[in-house]
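# Structure at a glance
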Amino acid sequence: MRIERLRTDLLILGSGGAGLFAALHAHAADPDLSITVAVKGLLGKCGCTRMVQGGYNVALSPQDSVERHFMDTIEGGKWLNNQELAWTLVTVAVERIRELENELGCFFDRNPDGTVHQKAFAGQSFDRTVHKGDLTGIEIINRLMEQVWARNIARLEEHRAVELVPAADGSRLAGVLLIDMRTGEFRFVQAKAVLLATGGGPTMYRYHTPSGDKTCDGMAMALRLGLSLRDMEMVQFHPTGLLAGPETRMTGTVLEEGLRGAGGYLLNGAHERFMQNYDPRGERATRDIVSRAMYEEMRRGKVTPNGGLYISMAHLGPDKVRAMFKGMVERCADCGFDLAGGLVEVVPTAHYMMGGVEFAADTSTAMPGLFAAGEDTGGVHGANRLGGNGVANSTVYGGIAGETMAPWIAREGAFAEPDAAVIDAAVERSLRPFRLPAGDVNGLRDRLTDLMWDEVGILRTADSLRRGMAGLEDLAAELEATGIPDAHRAFNLTWHDWMNLHSLILVSQAIAAAALAREDSRGAHFREDFPETGDLATSTYTAVRLDGGRIAVGMKPVAFTRVRPGESLVEGAGVPMAAAGE
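Residues numbered from 1 in each chain as written. Predicted model: local features only at pLDDT ≥ 70, side-chain atom pairs only at ≥ 80, totals over all residues. Heavy atoms only, no water.

Right, let's get into the environment of V553. Mapped onto the elements of the fold, V553 is located in strand β19 (residues 550-557). Between the C-alpha atoms of V553 and L516, which are 37 residues apart in sequence, the distance is 9.5 Å. Among residues more than four places away in sequence, those in contact with V553 are A513, A514, A517, T542, A543 and V544. (Helix = DSSP H or I, 4+ residues; strand = E, 2+ residues; numbered from the N terminus. Contact = heavy atoms within 4.5 Å.)

Next comes the structure, spelled out in structure tokens:
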């Protein structure tokens, strides 16, 4: 088969906050670089950054500090975070938010005195979430998109990446094999450096927030390349996903954290508040605690007509709610709910993956020539991400990636001849469904989402995880025997659904294996058979890789490089201060 070849100095996979910031910063560092952004959909019109409602965490107030933001992030992550990554996040976020406003032209909400307005988000000790109403992501991605269009940055839109291809000698990454979705033809892009910024997206669960094109392709490719993924058991469920019935894709989409931060109530099917029974912070507890409490209420049968719970905002005043949350009020109205004055059905919904590729603070990975940023990476958030730290993560590390890759290319970059066997195997795997009898791809996906929700979901046990792992083995075998009916490859969405499932099943196996290996409860991971949190001082994190085609899990010690459990970087926090310079 003839495969078209292209060359570019820098190939960026993904056009969310991480990918676009990387393109802009790499171009600023070296305007002579040839830079190409490849994206599964249309640049700036797909992915998760655009869907961000809540906002961007950053310490701007004189009463706040980066140390306080750091401690909230570490404590929210249950001390599993890579502390250097978390420190980089909170410190560079201050610089990045100014860049978004002053250089890219974002308009964020303001206080009457002209300062940037920062609202409350759950799990934080200070109101530090910068926002544009409840449409923050659209504001950020639109400005980034405009700036990329204005520069000499090439685009490969509607191109899906199917394999990270090493050099023939294995010394570095040679490039990426992609499929042009518009024609179905394969295209190999040879690059001196590649940024993996495809995003995570836990769409393997029945209820999920990301768009359907987010299928963990980047993590699956990283596993096949031989890289290690950390913290894969840590899947965050946002407590308030819209529950509008099984026949609409609106089910699972987020009703943002700010609703609870502003004083919203969660009610069970009997219209009773229940969060105070689970946590003294009530509805403003962290996402993991609220999601578990909601799931427990649902297990007890105290549910709404669609099987979920309610959120109520009416006690705050309908006019105030409409002014504060215009986008969500309109979205709920489209589905027949009155958010401002009535009750809206909600359900915990798979939202974010704290786990991902192990990487360094300069975004480099174990494979020379491959860099990673955003939700494809692990270690920044530990066991649980604070609301508002996600878009900060993607923009902070996207910018760092651009600043790192440009000089790296000048210093060490070279075009390497790809491993032809890897390309051939990837093409063979991708074209497999065309040679098989047509089957029910949608049915397989439904079974996957039910299996992950029921057995590898919010509450886990060894028995449920083993059932989940056995079910995933069965689904993987069935997918390998399932073909598709249409032989045409151009815009063949069933073919792409098949490939999406291939990625999702592999990453689901990583999640389940890591969850079985972690025999304590931390953050987003809760084991009913091991409900206690282990000793924080001897914390370890999971590291998953492919070994002979099978998932293997190891445990690595957490390095407390800046602060140890029982200490704080915040003066007056009531605990010992960390030693200076630690």
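Let's shift gears to helix α13 (residues 462-480). Look at α13: 27 Å from first C-alpha to last across 19 residues, which is about the 27 Å you get at 1.5 Å a residue. Three or more residues of α13 are buried, namely A462, S464, L465, G468, G471, L472, L475 and L479. Lining the buried residues of α13 we find α12 (441-455) and α14 (493-517). (Expected span 1.5 Å × (residues − 1). Buried < 20%, exposed > 50% of the residue type's maximum accessible area, 1.4 Å probe, protein only.)

A separate point is the packing of α12 against α14. Running from N to C, α12 and α14 point in directions that differ by 20°, and their axes come no closer than 10 Å. The orientation of α12 with respect to α14, classified from their angle, is roughly parallel. As α12 runs across α14, the sense of the crossing is left-handed. Contact residues: V441, N442, L444, R445, L448 and M452 in α12; T494, D497, W498, N500, L501, L504, I505, S508 and I511 in α14. Taken together, the residues of the contact of α12 with α14 sort by class into nine nonpolar, four polar and two charged. (Axes fitted to C-alpha atoms, helices over the stretch in contact; angles between N-to-C directions. Parallel < 35°, antiparallel > 145°, perpendicular 65-115°, else oblique. Left-handed = near helix turned anticlockwise from the far one by under 90°. Nonpolar A, V, L, I, M, F, W, Y, C, P; charged D, E, K, R; others polar.)

Bringing the side chain of R260 into the picture now. Locating R260 in the fold gives a position in helix α6 (residues 258-261). The class of R260 is buried, set by a relative accessible area of 1%. Leaving out residues up to four positions away in the same chain, R260 has contacts with A122, P239, L266, E283, R284, A285, R287, V290 and I311.

Looking now at the pairing of strand β1 (residues 4-13). The pairing of β1 with strand β9 (residues 185-196) spans nine bridges and is parallel. Of the residues in β9, the one forming a bridge with L11 is V194. This β-α-β element, β1 to helix α1 (residues 17-29) to strand β2 (residues 35-38), shows right-handed connectivity. (Pairing = 2+ DSSP bridges. Right-handed = clockwise from strand over helix to strand, strands pointing away.)

Of all hydrophobic cores here, the largest spans 104 residues; its most connected members are L13, L339 and I511. With 13 residues, α14 is the largest single contributor of residues to this core. Among all residues touching I511, those that are not within four sequence positions of it are M204, Y205, M232, E233, V235, M353, M452, V456 and R460. Counting 49 residues, the second-largest nonpolar core is a separate cluster that includes A23, I140, M145 and W408. (Core = buried A, V, L, I, M, F, W, Y, C linked by side-chain atoms within 4.5 Å.)

For the structure shown, the criterion picks out three cavities of 30 Å³ or more. In this model, the largest cavity occupies a volume close to 110 Å³. Around the largest cavity, the lining residues are R160, A161, V162, D217, M221, R224, R429, S430, W498, M499, H502 and S503. Top element by residues in the lining of the largest cavity is α14. It accounts for four residues. For the lining of the largest cavity, the residue count by class is five nonpolar, three polar and four charged. For the second largest cavity, the calculated volume is near 50 Å³. If you trace the second largest cavity, you find it lined by V235, Q236, F237, D288, S291, R292, I458 and A524. Elements represented by at least two residues in the lining of the second largest cavity include exactly β11 (235-242) and α7 (287-299). Grouping the constituent residues of the lining of the second largest cavity by class yields four nonpolar, two polar and two charged. (1 Å grid on protein atoms, 1.4 Å probe; cavity = no way out; pocket = protein on both sides within 12 Å on 5 of 7 lines; lining within 4 Å. Points joined across faces, edges and corners; volume = space filled by probe spheres on them.)

By themselves these figures say nothing about function.
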